[in-house]
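So the chains spell out like this:
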Amino acid sequence: MSSLPAPSRLGPKVLLGISAGIAAYKSAMLARLLKQAGCEVRVVMTEGAQAFITPLTLQALTGEPVRTSLLDPEAEAGMGHIELARWADTILIAPATADLMARLAAGMADDLLTTLCLASEARKVMAPAMNQAMWAHPATRRNAARLMDDGWHLLGPASGDQACGDVGPGRMLEPEAILKALLTAPTPAPGASEAAGLTVTITAGPTREPLDPVRYLSNHSSGKMGYALAEAAAALGARVQLISGPVALACPEGVERITVETALEMHEVATRLAPASDIFIGCAAVADYRAESAAEHKLKKTEGEAGLVLRLIQNPDIIASVAALPTASRPLVVGFAAETRDLEGYARDKLARKGLDMIVANDVSREGLGFGSDNNAALVLWGDGQENLAPQPKRELADAVMRHALARLAARPTR
Ligand code: C5P
């Protein structure tokens, strides 16, 4: 553990909440890591969590009695639940099930853990864990967004194999990753707080449009530019919500990632999060078309027929929907334009047609730049100005784009 930073940002008093997911077995390791990092740890388990791991295990690892019930006269005589809520610097719930997220989002206080969350002013962090379909369900999406609005930081979930046999987003982050995120995020470094208090929402990566259960239409977007922007905005002290299509990139520290697959899903999340955002950046390579109806079963090759006709219909233009929000709830809207010729002409046209405040145009035909590469060059355009950004690493370009966006935000009339 010597490689971990000191727990100065975490605060030494962590209340670890455990709810009823199979990932609860990893919470024992998390409790141990927190102790090793120098934290005082007290554990609260929901009733269901105790079916997966015993309070005795957590008691042995933390050296403290584990609380499981709100109405426990003996425990209340020791440290009452309000006292426990005040004691914590950080409440960390791992795993956080769909049910617990729903109860917290609704402001319920129907067991000890939800009551403590409601009664505590501590920093609140959760690591969701559930079946991928449950995570993708609109109800869970709504609850996750509500929790973020209420000040919760969501870590993960990760994608991959699930205990139930499914594959997809919903796995709890590994204990080491949770600890690392807790120790390093999201307090901005001194002198890097130009965007403190602002919420920046970014779309990134490609979308996938299903044709049948095993095939989809997509594109080569790596997501690197959008992720670099998320990192840059977080480093400037902003709260960052990253709406990401399927990419092979880790979620930057301190960034809240919402993973989506299709343009329609991205549209739903983006239009829900945009009104409470100060800056919206559309960096995703959204598929312009989707299959009119995805086949329920795998499409079969028909002998004797040389071709297959797919009927595609247009996807909504996500950034144009955000730009069309009423002034009072419209963030500053920044778009991207990947072009192969007449960069300025096409970008100016998109800026006006989609109603954007600023557009970042790049020439994707240039060798070694753009799609999939770590470097990019761009022409930034807004109403009455423009600036050429020379070829540079995407992370540095992201800093420059964020500086431009902050300048445009400062220049616009208050909403
Ligand atoms: O694909 P196009 O060149 O029109 O993309 C320009 C901008 O519009 C980008 O910022 C992209 O993220 C956004 N866009 C979108 N929804 C679409 C298509 C593009 O938000 N359906």
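Residues numbered from 1 in each chain as written. Predicted model: local features only at pLDDT ≥ 70, side-chain atom pairs only at ≥ 80, totals over all residues. Heavy atoms only, no water.

Undergrad: Quick one: what's the story with the overall build of the protein chain, residue by residue and with numbers?
TA: Looking only at helices and strands, the protein chain features 14 helices and 19 strands. By the compact-globule yardstick of 22 Å for 415 residues, the protein chain fits well, its C-alpha radius of gyration being 23 Å. Along the first, second and third principal axes, the C-alpha set of the protein chain runs to 75 × 60 × 40 Å. Pairs at least 24 apart in sequence give 69% of the contacts found in the protein chain among residues at least 6 apart. As displayed, the protein chain has an accessible area near 19,100 Å², and 53% of this comes from carbon and sulfur atoms. (Helix = DSSP H or I, 4+ residues; strand = E, 2+ residues; numbered from the N terminus. Rg over C-alpha atoms; globule rule 2.2 N^0.38 Å. Contact = heavy atoms within 4.5 Å. Areas by Shrake-Rupley, 256 points an atom, 1.4 Å probe, with all protein chains shown as cover.)

Undergrad: Describe the site of the ligand, naming the residues involved and giving the relevant values.
TA: By nearness alone, 13 residues border the ligand, and Gly282, Ala284, Phe336, Lys350 and Lys354 come closest of all. For the ligand, a nitrogen atom lies 2.9 Å from a polar atom in the backbone of Pro316. Here Ile318 contributes a backbone N or O atom positioned 2.9 Å from a nitrogen atom of the ligand. Elements supplying a minimum of two residues to the shell around the ligand: helix 12 (318-323) and strand 16 (332-339). The class makeup of the residues in the shell around the ligand is seven nonpolar, two polar and four charged. (Near = heavy atom within 4 Å. Polar contact = N/O pair within 3.5 Å; in protein donor to acceptor, adjacent residues only side chain to side chain. Nonpolar A, V, L, I, M, F, W, Y, C, P; charged D, E, K, R; others polar.)

Undergrad: Give a description of the packing of aromatic side chains that names residues and reports values.
TA: For the structure shown, the criterion picks out zero aromatic pairs. Against the face of Trp87 rests Arg42, its NZ or CZ located 5.4 Å from the ring centre. (Phe/Tyr/Trp six-rings, centres within 6.5 Å; stacked < 30°, edge-to-face > 60°. Lys NZ or Arg CZ within 6 Å of the ring centre and 35° of its normal.)

Undergrad: Describe in detail the nonpolar core, supporting the description with residues and values.
TA: Counting 53 residues, the largest nonpolar core has Ile93, Met101, Met126, Trp152 and Leu154 as the members making the most contacts within it. At five residues, helix 5 (residues 98-105) tops the list of elements feeding residues into this core. Each of domain 1 (1-185) and domain 2 (191-295 + 308-415) contributes no fewer than three residues to this core. Those residues in contact with Met126 that sit more than four places away from it in its chain are Ile93, Ala96, Met101, Leu104, Leu147, Trp152, His153, Leu154 and Leu155. Counting 38 residues, the second largest nonpolar core, distinct from the first, contains Tyr227, Val240, Ile279 and Val380. (Core = buried A, V, L, I, M, F, W, Y, C linked by side-chain atoms within 4.5 Å. Buried < 20%, exposed > 50% of the residue type's maximum accessible area, 1.4 Å probe, protein only. Domains from an automatic or database assignment.)

Undergrad: Which residues make up a nonpolar patch on the surface, and what values do they have?
TA: A contiguous nonpolar surface patch, about 380 Å² in accessible area, is contributed by Tyr289, Leu308, Leu310 and Leu312. One can find Leu312 in strand 15 (residues 312-314). (Patch = residues over 30% accessible without salt bridge, like charges linked within 9 Å, V, L, I, M, F, W, Y side chains within 5 Å. Salt bridge = Lys/Arg side-chain N within 4 Å of Asp/Glu carboxyl O.)

Undergrad: Explain the environment of Val167 residue by residue, including any values.
TA: Relative to the helices and strands, Val167 resides in strand 7 (residues 167-171). By relative accessible area, which is 57% here, Val167 ends up exposed. Sequence separation between Val167 and Ala129 is 38 residues; the distance between their C-alpha atoms is 13 Å. Not counting chain neighbours up to four residues away, the residues in contact with Val167 comprise Gln132, Gly160 and Asp161.

Undergrad: Lay out the pairing of strand 2 (residues 40-45) with the relevant residues and their values.
TA: For strand 1 (residues 13-18) and strand 2, the ladder comprises six bridges, and the chain directions are parallel. Within strand 2, the residue paired with Ile18 across the bridge is Met45. The parallel pair strand 1 and strand 2 is bridged by helix 1 (residues 27-36), and the resulting crossover is right-handed. (Pairing = 2+ DSSP bridges. Right-handed = clockwise from strand over helix to strand, strands pointing away.)

Undergrad: Tell me about the sheet that holds strand 18 (residues 375-382), and please be specific about residues and values.
TA: Judged by pairing direction, the sheet is mixed, and its eight strands sit side by side in the order 12-11-8-13-16-17-18-19 without closing on themselves. Because the sheet does not close on itself, it has two edges, and the strands there are strand 12 (255-259) and strand 19 (385-393). Going across the sheet, the axis of each strand differs from the next one's by a mean of 20 degrees, ignoring polarity. One ladder, built from four bridges, connects strand 13 (residues 279-282) with strand 16; its direction is parallel. By the bridge assignment, Phe280 is partnered in strand 16 with Val333. In the packing of helix 14 (residues 394-411) onto the sheet, contacts are made with strand 8 (199-204), strand 13, strand 16, strand 17 (358-363), strand 18 and strand 19, and the angle to strand 19 comes to roughly 160 degrees. (Axes fitted to C-alpha atoms, helices over the stretch in contact; angles between N-to-C directions.)

Undergrad: I'd like a description of the domain arrangement of the protein chain, backed by residues and values.
TA: Partitioning the protein chain into domains gives domain 1 (1-185) and domain 2 (191-295 + 308-415). In this structure, domain 1 and domain 2 have C-alpha centres spaced 32 Å apart. Listed by partner, the interface residues are 14 residues for domain 1 and 13 residues for domain 2. Between domain 1 and domain 2, roughly 1,100 Å² of surface is buried when both sides are summed, and carbon and sulfur atoms account for 47% of that area. Considering only the side of domain 1, the residues that lose the most area to domain 2 are Arg141, Ala145 and Met148, jointly responsible for 44% of the buried surface there. Viewed at the interface, domain 2 and domain 1 are joined by one salt bridge. (Buried area = accessible area lost by both parts, 1.4 Å probe.)

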